[in-house]
Amino acid sequence: MNNKEIEKLFYKAKLLGILIPIKTFCGGTCYLISKNKTDHIIIIPPDVERLNYNYNMKNGIVFTQHIKSLKGNVKVIGGDGLKDVHAMFAECTADRVDISELNTSNVKCMEYMFYGSRIKSINLEAIDTSNVVHMDFMFAQSELRKINFSNFDTHNVVSMYYMFYCSGSDELDLSSFDTHNVIEFKEMFSSCISNRIDISSFELGKEAKIRGMFKYAQAKFIIKNAELMQEYMYNNK
């Protein structure tokens, strides 16, 4: 959907009285269009850089509070100016989320993006993570069953701590992850209940912190790095 189509959609929804403004932390305004109880569109204008402030702070997720209880199908479009999508879909209970037209090419922070999410279906193949630096708690306590990470670009990421903490995904194939710049791996898979996790591509830099990385994890891991294997064995005595 190009800018003209988005503008047309915006004014049509406004005329029909189904356009709901959603304030964001940075002062910008996003818009929710609910065609009915099960079909929703969220428009993120190019002047919006940040949606929320802090997941653990009172009133810190103003944007998310508006959308987390939406049911049915949710489509997100726009986002050309986004730099931070902190807690964007935290605790979201939608059946299906479509972010194929969400521009995340400038985003640096994806912390808590799907924290505690109950989304039943989402396709992450189109998400652009090439400039992301922080992925902490990104899928922590999420119930997303199947996630395709094949297009995830993690070469700029420096922190992944608690990324899959208590994650309920059936299987995590992270064999495409580039981790050479990651410093913080703390409890990345702590209490994760996935059946199988492939981290065969993981490499560690000199400053990497891996303490508790596999703490209480119940999954079967595929590991090639010797230091990671040692940490895994230590956590699973």
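Residues numbered from 1 in each chain as written. Predicted model: local features only at pLDDT ≥ 70, side-chain atom pairs only at ≥ 80, totals over all residues. Heavy atoms only, no water.

Asks: What should I look at first to understand unusual backbone geometry in this one?
Replies: The general pattern is negative phi for most residues beyond glycine and trans for most peptide bonds. Even without glycine at this site, Glu91 takes up a positive phi of about 60°. Mapped onto the elements of the fold, Glu91 is located in the loop between β4 (73–78) and β5 (96–102). Positive phi outside glycine occurs at Cys166, with the angle close to 55°. In this structure, Cys166 sits in the loop between β6 (121–122) and β7 (171–173). (Helix = DSSP H or I, 4+ residues; strand = E, 2+ residues; numbered from the N terminus.)

Asks: Help me out: how do you make sense of the sheet that holds strand β9 (residues 220–222) in this one?
Replies: To summarise the sheet geometry, strands pair through backbone hydrogen bonds and adopt either a parallel or an antiparallel arrangement. Across the sheet, which stays open at both edges, the three strands sit in the order β7-β8-β9 with parallel pairing between neighbours. Sheet topology places β7 and β9 at the edges, where each strand pairs with a single neighbour. Within the sheet, the average angular offset between the axes of one strand and its neighbour, ignoring direction, is 10°. Here three bridges tie strand β8 (residues 196–198) to β9, and the two strands are oriented parallel to one another. For Asp198, the partnering residue across the bridge sits in β9 and is Ile222. (Pairing = 2+ DSSP bridges. Axes fitted to C-alpha atoms, helices over the stretch in contact; angles between N-to-C directions.)

Asks: What's the story with the side chain of Glu231 in this structure? I'm lost.
Replies: Within the secondary structure, Glu231 is located in helix α3 (residues 226–235). One buried charged residue, Glu231, remains without a salt bridge, the closest side chain of opposite sign being Arg211 at 7.0 Å. A distance of 3.0 Å separates the side chain of Glu231 from the backbone nitrogen of Gly212, its partner in a polar contact. Other than its neighbours up to four places away in sequence, Glu231 contacts Ile210, Arg211, Gly212, Met213 and Phe214. (Buried < 20%, exposed > 50% of the residue type's maximum accessible area, 1.4 Å probe, protein only. Lys, Arg positive; Asp, Glu negative; His and termini not counted. Salt bridge = Lys/Arg side-chain N within 4 Å of Asp/Glu carboxyl O. Polar contact = N/O pair within 3.5 Å; in protein donor to acceptor, adjacent residues only side chain to side chain. Contact = heavy atoms within 4.5 Å.)

Asks: Sorry if this is basic, but what is going on with the sheet that holds β6 here?
Replies: The six strands lie next to each other as β1-β2-β3-β4-β5-β6, forming an open sheet whose pairing is mixed. Edge strands, defined here as strands with exactly one partner in the open sheet, are β1 (19–23) and β6. Sheet topology places β1 next to strand β2 (residues 29–34); five bridges connect them, and they run antiparallel. Directly across from Ile20, in β2, lies its bridge partner Leu32. In the packing of helix α1 (residues 3–16) onto the sheet, the strands contacted are β1, β2, β3 (39–44) and β4, and the crossing angle to β3 comes to about 120°.

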